[in-house]
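A look at the structure
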Amino acid sequence: MSLSELFPETDYRFSMRFERKSPQEFFARTKNGSSLLAKRRQWLNSAPATYAGLLPEGQVFLEEAIDLAQSWGAVSPAGFSLQPERAWDDCLTLGKCLEPDFLLLQPDLAGSPRLLGGVVCFPSHWSLADKLGKPMSLIHEVVPGLNDTLGKQIGSFLNKLRPGVAWLRSNWGIARTPELNDHPSRALPRLGPEVTTEEVWLRLEHQALVALPKTGGILFGIRVEVIPLAELKREAAPTKGLIRALETMPDDLARYKGLATARNRLLKLLQP
Ligand code: HEM
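Procedures and definitions
Residues numbered from 1 in each chain as written. Predicted model: local features only at pLDDT ≥ 70, side-chain atom pairs only at ≥ 80, totals over all residues. Helix = DSSP H or I, 4+ residues; strand = E, 2+ residues; numbered from the N terminus. Rg over C-alpha atoms; globule rule 2.2 N^0.38 Å. Buried ≥ 20, exposed ≤ 12 C-beta atoms within 10 Å, placed from the backbone. Contact = placed C-beta atoms within 7 Å. Pairing = 2+ DSSP bridges. Axes fitted to C-alpha atoms, helices over the stretch in contact; angles between N-to-C directions. Near = placed C-beta within 6 Å. Nonpolar A, V, L, I, M, F, W, Y, C, P; charged D, E, K, R; others polar. Expected span 1.5 Å × (residues − 1). Arc of directions from axis to C-beta. Parallel < 35°, antiparallel > 145°, perpendicular 65-115°, else oblique. Core = buried A, V, L, I, M, F, W, Y, C linked by C-beta atoms within 7 Å.

So, the overall build of the protein chain
Helix and strand counts for the protein chain come out as 13 helices and seven strands. Over its C-alpha trace the protein chain gives a radius of gyration of 19 Å, about what one expects of a compact globule, namely 19 Å for 272 residues. Projected onto its principal axes, the C-alpha coordinates of the protein chain cover approximately 55 × 40 × 30 Å. By the burial criterion, 33% of the 272 residues in the protein chain qualify as buried. Across the protein chain, contacts joining residues at least 24 apart in sequence account for 72% of those joining residues at least 6 apart.

Written out as C-alpha cells, the structure reads:
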C-alpha cells in the first residue's frame, strides 16, 4: 500500500482496506533478506520464549504453515522435523527462515479466531506472550474504539477468507527508534514533547492474511518498515494526510499509540 493510500486527506479512521497479492510474493525473500534473517536469528537465539510461542493446539496449524511455506519456496524442507514432540524447534526454525513475523490462528465461527502460536521478532510495542491463547477481539481490546467500530467487519472478513490469496493491509505508527524490534521489554525511547525530526520514524506494519486450506486456520504475516520523518516529508500528499490524521485522532487512541504528549510537537515538525 502506498504512502498516499495510507494517509488520505481525511479525518483519522480505522481502515479495512485490503489488496490482494499471492502469498508466495508476500513471504518471498527480499534484497534485505540476509540482514533481516540475521536479526531474527539473534533475537530467537537470545530469548526464544520472548519472541516465539506455541500452544499444543497450534501444532497442526504450524505444520500446515511449514508445508505451505515450502510449497512457496520461502523455506527449504531441510531443518524441519515435523514430529509433534519437536514442534517447538520447528516453530523457531520457521521464524528464523521466514522474513516476515507470523501468527497462527484457529478459526472461530463467531468471528474471533484464537491466537495459538507464532514468531514475532519485530513487535510494535506488544508482547506475543501476553496475547497467546487469546481470541482476536480480546487482543484488540487495548486499541480504543477498534472492536466497537470494526470488530464485526473484521470477524466476518476472516470467516470468509479463502485459500490461495494473501489479503494485505497496513497499520502505521510513529516511533522514536528505527529498531525493528520494539518489544516492550527493551524499553526503547518513546515519543515526547521535545523530539526532533532526526529522532522520529514512521513505522509501517504490512500485514498479510492467508487461509490455511487443510486445517481452516489463518496465517497472519507481518513485515515492518521504518521511514525517517525527514524522508516522509519529501512527499507532500502523505505528509498532509498524516497531519490531518494526527489532528483528528481521538485522545484515547493517541495515548494508545504513544503519541499523546508528542502530538503538537509532531504537528510542528511536519509543517513544510
Ligand atoms: C483483519 C483485520 C484487522 C484489522 C483491521 C486490525 C486492526 C488493528 C489496528 C487498527 C490495531 C492498532 C494498531 C495501531 O493503530 O497502532 C491493531 C493492533 C493489533 N492487532 Fe489487529 N487487526 C486485524 C487483524 C488482526 C489479527 C488477525 C491479529 C492476530 C492476532 C491482530 C493482532 C493485533 C495485535 C497483536 C495488535 C497490537 C495490540 C497491542 O498493542 O497490544 N490483528 N489491529
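Anyway, onward from the coordinates.
A word on the sheet that holds strand β3 (residues 101-106)
The strand order β1-β5-β6-β7-β3-β4-β2 describes an open sheet built from seven strands, whose pairing is antiparallel. If you trace the sheet from one side to the other, it starts and ends with β1 (19-21) and β2 (52-54), each paired once. Going from strand to strand, the sheet's axes swing by 35 degrees on average, the running direction of each strand aside. Inspection of the sheet shows β3 paired to strand β4 (residues 114-119) by five bridges, in the antiparallel sense. From the neighbouring strand, Leu105 faces β4, where its bridge partner is Leu115. Contacts from helix α5 (residues 59-71) reach β2, β3, β4 and β7 (218-228), with the element oriented near 130 degrees to β3.

Some remarks on the site of the ligand
Around the ligand there are 22 residues in total, and Trp126, Val142, Val143, Ile154 and Asn171 lie nearest to it. Going through the elements one at a time, β3, α8 (136-139), α9 (146-159) and β5 (166-175) are the ones with two or more residues in the shell around the ligand. A total of five residues in the shell around the ligand trace back to one element, the largest contributor, which is α9. Looking at the shell around the ligand residue by residue, the class counts come to 17 nonpolar, three polar and two charged.

Description of helix α11 (residues 236-248)
Given a rise of 1.5 Å per residue, 13 residues ought to cover 18 Å, and the 19 Å separating the end C-alpha atoms of α11 matches this to within 8%. Taken together, the buried positions of α11 are Pro238, Gly241 and Leu242. The buried residues of α11 all sit within an arc of 100 degrees when viewed along its axis, so they share a single face. Turned more than 90 degrees off the buried face of α11, the exposed positions are Ala236, Glu247 and Thr248. Buried residues along α11 sit against α1 (3-6) and α10 (229-232).

Looking at the packing of helix α3 (residues 33-46) against helix α6 (residues 87-97)
In the contact formed by α3 and α6, the axes pass within 8 Å of each other and the chain directions differ by 150 degrees. The angle between the axes of α3 and α6 places the two elements in the roughly antiparallel class. Residues Leu37, Arg40, Arg41 and Leu44 of α3 lie in contact with α6, whose contacting residues are Leu92, Gly95 and Lys96. By residue class, the composition of the contact of α3 with α6 is three nonpolar, one polar and three charged.

Observations concerning the nonpolar core
Ranked by internal contacts, the top residues of the largest apolar core, which has 47 residues, are Ala65, Leu94 and Val119. Of all the elements, α5 adds the most residues to this core, at six residues. Apart from residues lying up to four places away in sequence, Leu94 is in contact with Ala65, Ile66, Ala69, Val75 and Val119. Listed in part, the nine residues of the second largest apolar core include Trp172, Leu191, Trp201 and Leu202.

A few points about the pairing of β3
Counting buried positions over the six residues of β3 gives six, a clear majority of the element. On β3, burial covers both faces: Asp101, Leu103 and Leu105 on one face and Phe102, Leu104 and Gln106 on the other are all buried. Here five bridges tie β3 to β7, and the two strands are oriented antiparallel to one another. Within β7, the residue paired with Leu103 across the bridge is Phe220.

Remarks on the environment of Leu115
Looking at the element boundaries, Leu115 is found in strand β4. Judged by local crowding, Leu115 falls into the buried class, with 23 C-beta atoms found within 10 Å. Here Leu115 is in contact with Leu103, Leu105, Lys131, Leu132, Gly133, Lys134 and Ile139, once residues within four sequence places are set aside.

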